[in-house]
Amino acid sequence: MAVKEILKMGDPRLLRVALEVDTFDTPQLTALLKDMTDTMKHAQGVGLAAPQIGVNLQVVMFGTGEPNPRYPEEAPVAKTVLINPIIKPLSEDTEEGWEGCLSVPGLRGKVPRWKSIQYSGFDERGLPIQREANGFHARMVQHECDHLWGILYPMRIKDFTQFGYTEVLFPGLSDASDD
Ligand code: NI
């Protein structure tokens, strides 16, 4: 296990634009993905981006392939490693939804996101990925990829009455993990 420290909002390393990965299937990339997996599991997150552990590369991971107790109504998202991603909205429609972030612990906010997107990129072996996603899946991809452009979800909130402490907003929430 290599559980890394997760950087918190305020750290300038979270505000950088990450660099593209140019070589795949390397021991360095394998080691990074292992660290990210260990760190995400340890923190009970549903997604993580490399910049959150201080690595300035365009690498994100999300999904567990299992239903998430925090989002029981949503279809499980396959465990995915996405490198050098590109996101395109499939329509102009946006929707607001609650988000949390391991780099912004203890808080939740309502964030507008594209409802429906196409995302593409590469897996850890350099094989292309191209998918369409809606709802929670689309939101998770947009949240994680934002970390690669130096954007944290509070920077996207429009209505700050919908931003606060998880324990106050959702007093019954037993699983207080963040993504
Ligand atoms: Ni996050």
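Above this note sits the structure.
Residues numbered from 1 in each chain as written. Predicted model: local features only at pLDDT ≥ 70, side-chain atom pairs only at ≥ 80, totals over all residues. Heavy atoms only, no water.

Colleague: Just give me the short version of the nonpolar core, but keep the residues and values in it.
Modeller: Ranked by internal contacts, the top residues of the largest apolar core, which has 17 residues, are Val60, Phe62, Leu82, Ile117, Tyr119, Met140 and Val141. Every element with two or more residues in this core is listed here: β2 (59-62), β6 (116-122), β7 (128-134) and α2 (135-148). For this core, the element with the most residues is α2, which contributes 6 residues. Beyond its immediate stretch of four places on either side in the chain, leucine 82 contacts Gln58, Val59, Val60, Phe62, Tyr119, Ser120, Gly121, Phe122, Ile129 and Cys145. Ile6, Leu33, Met40 and Leu48 belong to the second largest nonpolar core, which has 15 residues in total. (Core = buried A, V, L, I, M, F, W, Y, C linked by side-chain atoms within 4.5 Å. Buried < 20%, exposed > 50% of the residue type's maximum accessible area, 1.4 Å probe, protein only. Helix = DSSP H or I, 4+ residues; strand = E, 2+ residues; numbered from the N terminus. Contact = heavy atoms within 4.5 Å.)

Colleague: Mind laying out the coordination of the nickel ion, listing which residues take part and the relevant values?
Modeller: The protein atoms that coordinate the nickel ion are Cys101 (SG), His143 (NE2) and His147 (NE2), at distances spanning 2.1 to 2.3 Å. Look at where the donors of the nickel ion fall in the sequence and you get C-x41-H-x3-H. Placement of the pair is cysteine 101 in the loop between β4 (94-99) and β5 (107-114) and histidine 143 in helix α2, with a sequence separation of 42 residues. Considered together, cysteine 101 and histidine 143 belong to a single accessibility category, that of buried residues. (Donors = N, O, S within 2.8 Å, 3.2 Å for Na, K, Ca; no water.)

Colleague: Pulling in residues and values, what's your account of the sheet that holds strand β1 (residues 47-49)?
Modeller: Hydrogen bonding along the main chain pairs the strands of a sheet, whether they run parallel or antiparallel. Taken together, 5 strands build an open sheet; the order of strands is β1-β2-β3-β6-β7 and the sheet is antiparallel. With partners counted over all chains shown, the strands left at the sheet margins are β1 and β7, one partner each. Neighbour-to-neighbour, the strand axes of the sheet open up by a mean angle of 35°, direction not taken into account. One ladder, built from 4 bridges, connects β2 with strand β3 (residues 80-89); its direction is antiparallel. Counted as the bridge partner of phenylalanine 62 is threonine 80 from β3. Along the sheet, helix α1 (residues 27-42) makes contact with β1, β2 and β3, crossing β2 at roughly 40°. (Pairing = 2+ DSSP bridges. Axes fitted to C-alpha atoms, helices over the stretch in contact; angles between N-to-C directions.)

Colleague: Tell me about the sheet that holds β4, and please be specific about residues and values.
Modeller: Taken together, 3 strands build an open sheet; the order of strands is β4-β5-β8 and the sheet is antiparallel. Bordering the open sheet on either side are β4 and β8 (163-165), each of which pairs with just one other strand. This sheet shows a mean twist of 25° between the axes of neighbouring strands, independent of strand direction. With 3 bridges joining them, β5 and β8 adopt antiparallel strand pairing.

By themselves, these figures tell us nothing about what the structure is for.
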